[in-house]
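Read off the chains here:
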Amino acid sequence: MRITNRLVIIVAVVLTVVGIGLTSAAVVMVNGDFKRLSTTDPYEEKEYYVKADGINTITFNDSSARVNIVKSNDNQIRLNYFENEKEYYTIDVSDNGELAIMFESNIKWQNFVGFNLGSRDFFEIAIPENIKCDISLKTSNGIITADNLSIDGDISLKTSNGAIALSNINTDGNVTAVTSRGSISASNLSSQDFSAKSSTGELRLTDVICEVKITAETSNGEIEIANISFGAGLKLKSSNGKITGTVRGRMEDFNIISRTSTGRNNLPEDRTGGNKTLEAKTSNGSIDIAFVE
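Residues numbered from 1 in each chain as written. Predicted model: local features only at pLDDT ≥ 70, side-chain atom pairs only at ≥ 80, totals over all residues. Heavy atoms only, no water.

Caption draft 1: The pairing of strand S13 (residues 175–179), seen in detail. With burial as the criterion, only one face of S13 is covered, namely that bearing Val175, Ala177 and Thr179; the residues Thr176 and Val178 on the opposite face remain uncovered. Where strand S11 (residues 155–159) meets S13, five bridges bridge the pair, whose relative direction is parallel. Across the sheet, residue Leu157 finds its bridge partner in S13, namely Ala177. Relative to strand S14 (residues 184–198), S13 runs parallel, the two sharing five bridges. Across the sheet, Thr176 pairs through a bridge with Ser195, a residue of S14. (Buried < 20%, exposed > 50% of the residue type's maximum accessible area, 1.4 Å probe, protein only. Helix = DSSP H or I, 4+ residues; strand = E, 2+ residues; numbered from the N terminus. Pairing = 2+ DSSP bridges.)

Below you can see the structure in the form of structure tokens.
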């Protein structure tokens, strides 16, 4: 057994030394220019413009890019991104007014061997103010942010392994934010409905105003709200986290349903008589909701 372990250590040391030697030799051969060692083509920054008139839907589908949605300074939709010959985007404007953005990849296994310098991990969409348009974004392994938007339409944002951050959003439609493993934050947001769902992340909602209802659900995270206002209903649900914050109005305004298994609860478990519904439930955490005028 000692001989076997010693042999493994010797082989590992030899392979490490050989690897360092080959890397050093490669660097010397290219005179220190690491770009020449890359096994993929360099990424090039691109811009794409389209007039907002006639666009009623924007769809985006990618595997890993970080996506930023911002306000455009003119009446054009601007796309800013990076791509190369193996990783690129197809961008299409259909006759029915859909701007479709789809990530494509032709990377083979050998492209993962060696150096891969540069990154395409960024995509920015600039949208004009007050555009009548629905927005639907999907990315598997990226962060989604949206800031300073005022549109007439629905906003749907989905990612599997990333956070979602919304700020200064005003829409006459509904807003949906869904992530499997990441936090969701929303501040200064106004919409008809707002829904935030995460499997393993915190939810933080500040100054969110909805004409109809607000839903915030997470399995393994806290829910924190501040100055929340809604016309019909508020649903807060966490399996393993506390629920805290402030709701605008008087307690008498609400029908209340609240439950917690292993924590303190400052709300009545069942209360009727209001014209709005507040539901707060958690299994392993406290509930502390205050009402402010």
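Caption draft 2: Spatial organisation of the side chain of Ser195. Following the sequence through the fold, Ser195 ends up in strand S14. For Ser195, a relative accessible area of 16% translates into the label buried. If sequence neighbours within four positions are ignored, Ser195 has contacts with Val175, Thr176, Ala177 and Thr215. (Contact = heavy atoms within 4.5 Å.)

Caption draft 3: How the structure looks around the packing of aromatic side chains. Going through the model one piece at a time under the given rule, you end up with nine aromatic pairs. Ring centres of Tyr89 and Phe123 lie 4.8 Å apart, and the angle between their planes is 65°; this geometry places the pair in the edge-to-face category. With Tyr89 in strand S5 (residues 87–93) and Phe123 in strand S7 (residues 123–127), the pair connects residues that are 34 residues apart, well separated along the chain. Residue classification places Tyr89 among the buried residues on the basis of a relative accessible area of 7%. A network of ring pairs unites the aromatic residues Phe60, Tyr81, Tyr89, Phe103 and Phe123 as a single cluster. Here the basic side chain of Lys276 rests over the ring of Phe230, its NZ or CZ set 5.7 Å away from the ring centre. (Phe/Tyr/Trp six-rings, centres within 6.5 Å; stacked < 30°, edge-to-face > 60°. Lys NZ or Arg CZ within 6 Å of the ring centre and 35° of its normal.)

Caption draft 4: Fine view of the nonpolar core. Ranked by internal contacts, the top residues of the largest apolar core, which has 60 residues, are Ile77, Ile125, Leu166 and Phe194. Tallying contributions element by element places strand S15 (residues 203–218) first for this core, with six residues. Ignoring any residue separated from it by four or fewer positions in sequence, one finds Ile125 in contact with Phe60, Val67, Asn68, Ile69, Val70, Ile77, Arg78, Leu79, Ile101 and Leu137. (Core = buried A, V, L, I, M, F, W, Y, C linked by side-chain atoms within 4.5 Å.)

Caption draft 5: Just the pairing of strand S2 (residues 57–62), in detail. Judged by which residues are buried, S2 turns out to be one-sided: Ile58, Phe60 and Asp62 face inward and are buried, whereas Thr57, Thr59 and Asn61, on the alternate face, are not. Alignment of S2 against strand S6 (residues 98–105), held across five bridges, turns out to be parallel. Directly across from Asn61, in S6, lies its bridge partner Met102. Inspection of the sheet shows S2 paired to strand S9 (residues 134–139) by six bridges, in the parallel sense. When the sheet's bridge partners are listed, Asn61 is paired in S9 with Lys138.

Caption draft 6: Representation of a negative patch on the surface within the structure. Among the surface-exposed residues, Asp134, Asp152, Asp154, Asp172 and Glu211 lie close enough to one another that they form a single negatively charged patch. Summarising the element assignment, Asp152 is placed in strand S10 (residues 144–152). (Patch = residues over 30% accessible without salt bridge, like charges linked within 9 Å, V, L, I, M, F, W, Y side chains within 5 Å. Areas by Shrake-Rupley, 256 points an atom, 1.4 Å probe, with all protein chains shown as cover. Salt bridge = Lys/Arg side-chain N within 4 Å of Asp/Glu carboxyl O. Lys, Arg positive; Asp, Glu negative; His and termini not counted. Charge placed at Lys NZ, Arg CZ, Asp CG, Glu CD.)

Caption draft 7: Representation of the side chain of Glu124 in the model. Note that Glu124 resides in strand S7. Looking at Glu124, the relative accessible area reads 16%, which means it is buried. Excluding anything up to four places from it in sequence, Glu124 contacts Asn68, Val70, Arg78, Leu79 and Asn80.

Caption draft 8: Quick look at the pattern of salt bridges. Counting across every chain of the model gives 11 salt bridges. Among the ionic pairs, Glu129 bridges to Lys71, the shortest N-O distance being 3.3 Å. Here Glu129 is found in the loop between S7 and strand S8 (131–132), whereas its partner Lys71 is found in strand S3 (residues 67–71), with 58 residues between them in sequence. Classification of Glu129 as partly exposed rests on a relative accessible area of 47%. It is possible to trace a salt-bridge network through shared partners that takes in Glu202, Arg204 and Glu224.

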